[in-house]
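What the coordinates show
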Amino acid sequence: LPRPFARLIERKAPAAEAFRAPALGDGEVLTSATAAPDYLALALRSRVYDHLGETPLQHAPALSEALGASVHIKREDVLPGFTFYARCAVNELATLRASSGAAPPRLVTASIGSRGHALAWAADRLGLDLPVV
């Protein structure tokens, strides 16, 4: 696997002792009609990583000391638009483009904030026309 994916798998792999089957207070096991999604597989197949890399996880020593816990901050502010919205925008627009067939989807957004910025950036990366009004 490419280096970012190998690191992602390593960090996302659950510890063996951390798994506990979901249960109610009296020990009755919760059941579901469908199997749980494989989030790691979904993340690895995501279109997002074609356009955005991993963001750093930074230790916050002063906050950790103040709270008496080890606090780390996920640095999504290093992404375009300084927010995680870029990930959402790439994923949604890539999905729309893939499902629209030969004709590109007709899109418009009405936002002047970080969501509009993320959508405009993602549309440009994906070769889509997206007016921001």
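None of these values were measured; they are calculated from a predicted model.

With that settled, consider the environment of Leu52. Looking at the secondary structure, you find Leu52 in the loop between helix H2 (39-45) and strand S1 (57-59). The class of Leu52 is buried, set by a relative accessible area of 6%. Along the chain, Leu52 and Val90 lie 38 residues apart, while their C-alpha atoms are 8.7 Å from each other. Apart from residues lying up to four places away in sequence, Leu52 is in contact with Leu79, Pro80, Ala86, Arg87, Val90 and Trp121.

In this structure, Thr55 sits in the loop between H2 and S1. For Thr55, a relative accessible area of 3% corresponds to the buried category. Sequence-distant contacts of Thr55, defined by excluding residues within four places in its chain, comprise Lys74, Arg75, Glu76, Val78, Leu79 and Arg87.

Our focus in this paragraph is the packing of helix H4 (residues 85-99) against helix H5 (residues 114-126). Think of two packed helices as two axes; the pair is described by the angle between the axes and how far apart they sit. At their nearest, the axes of H4 and H5 sit 8 Å apart, and the two run at 45 degrees to each other. Taken together, the axes of H4 and H5 lie oblique to each other. Classified by chirality, the crossing of H5 by H4 is right-handed. Taking contact as the criterion, the partners of Tyr85, Ala86, Ala89, Val90, Leu93, Ala94 and Arg97 in H4 are, on H5, Ser114, Arg115, Ala118, Leu119, Trp121, Ala122, Ala123 and Leu126.

Parameters at a glance
Residues numbered from 1 in each chain as written. Predicted model: local features only at pLDDT ≥ 70, side-chain atom pairs only at ≥ 80, totals over all residues. Heavy atoms only, no water. Helix = DSSP H or I, 4+ residues; strand = E, 2+ residues; numbered from the N terminus. Buried < 20%, exposed > 50% of the residue type's maximum accessible area, 1.4 Å probe, protein only. Contact = heavy atoms within 4.5 Å. Axes fitted to C-alpha atoms, helices over the stretch in contact; angles between N-to-C directions. Parallel < 35°, antiparallel > 145°, perpendicular 65-115°, else oblique. Left-handed = near helix turned anticlockwise from the far one by under 90°.

Interpretation note: all reported values are geometric properties and have no functional meaning in isolation.
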